[in-house]
Amino acid sequence: IMQPYLFHYIGYFQLMAAVDRWVVYDDVTYIKRGWINRNNLKVNGQRCLFTVPVAGASQFQRICDVKLDAEGYDRWLVRFRRTLQQSYGHAPHFAEAFGLVDDVLSPGAQTIAELNLRGLLAVRAYVGLGAEIVPTSRRYGNQDLRGQNRILDICRREGADTYINAIG
């Protein structure tokens, strides 16, 4: 059970390889300046933070309710694609990787949760993982529970006999 981040790090997929069902915790509070709509690239050997524009996001919204800024997204996407091509265009397997990223980022998602789920599904398929992916916003209806009680409720509903968590 993990929150949806933009372009998940390798640890997500290492955990996913160990489970039958992956629960995307997308109906919890959005974290401003977190990794839900931001990540890093290397540009000219330096870390470069990029941020997908969202519309009026606040820490009082659930992740699944945070809308993409449609107008800002289109402008951002043009610049982001250009940055990827300039920074990685000569890398081995660039065309294949760029195609995957471009498919994920292509217009159509309405919320940051949808965009992040799209990325998770695409990479899962690309690397051949079989875990089923289930967003909490579409399945459990247990937002009245908090902390570990909510996690335990999800595990009980899934019939889990083992819960695997990230280090830390």
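Keep in mind that what you see is a predicted model, and the values were worked out from it rather than measured. (Residues numbered from 1 in each chain as written. Predicted model: local features only at pLDDT ≥ 70, side-chain atom pairs only at ≥ 80, totals over all residues. Heavy atoms only, no water.)

Visitor: Sorry, what's going on with the pattern of salt bridges here?
Guide: Counting across every chain of the model gives nine salt bridges. One salt bridge connects Arg157 with Asp153, and the closest N-O pair in it is separated by 2.9 Å. Separated by four residues within a single helix, Arg157 and Asp153 lie in helix α5 (residues 147-158), roughly one turn from each other. Note on Asp153: relative accessible area 13%, which makes it buried. The network of salt bridges with common partners includes Arg21, Glu132, Arg139 and Glu158. (Salt bridge = Lys/Arg side-chain N within 4 Å of Asp/Glu carboxyl O. Helix = DSSP H or I, 4+ residues; strand = E, 2+ residues; numbered from the N terminus. Buried < 20%, exposed > 50% of the residue type's maximum accessible area, 1.4 Å probe, protein only.)

Visitor: Would you explain the packing of aromatic side chains in this entry?
Guide: Under the counting rule described, the total for this entry stands at eight aromatic pairs. An angle of 70° between the planes, with centres 5.8 Å apart, marks the rings of Tyr5 and Tyr12 as edge-to-face. Judged by relative accessible area, Tyr12 falls into the buried class, the value being 1%. With a centroid separation of 4.6 Å and 45° between ring planes, the pair formed by Phe50 and Phe80 is classed as tilted. One end of the pair, Phe50, is in strand β3 (residues 46-51); the other, Phe80, is in helix α2 (residues 70-88), and 30 residues separate them in sequence. Residue Phe50 is classed as buried on the basis of its relative accessible area of 8%. Among the aromatic residues, those joined into a cluster by ring pairs are Tyr5, Tyr9, Tyr12 and Trp22. Its end group placed over the ring of Trp35, Arg38 keeps NZ or CZ at 5.6 Å from the ring centre. (Phe/Tyr/Trp six-rings, centres within 6.5 Å; stacked < 30°, edge-to-face > 60°. Lys NZ or Arg CZ within 6 Å of the ring centre and 35° of its normal.)

Spatial relationships are all this shows, so hold off on functional conclusions.
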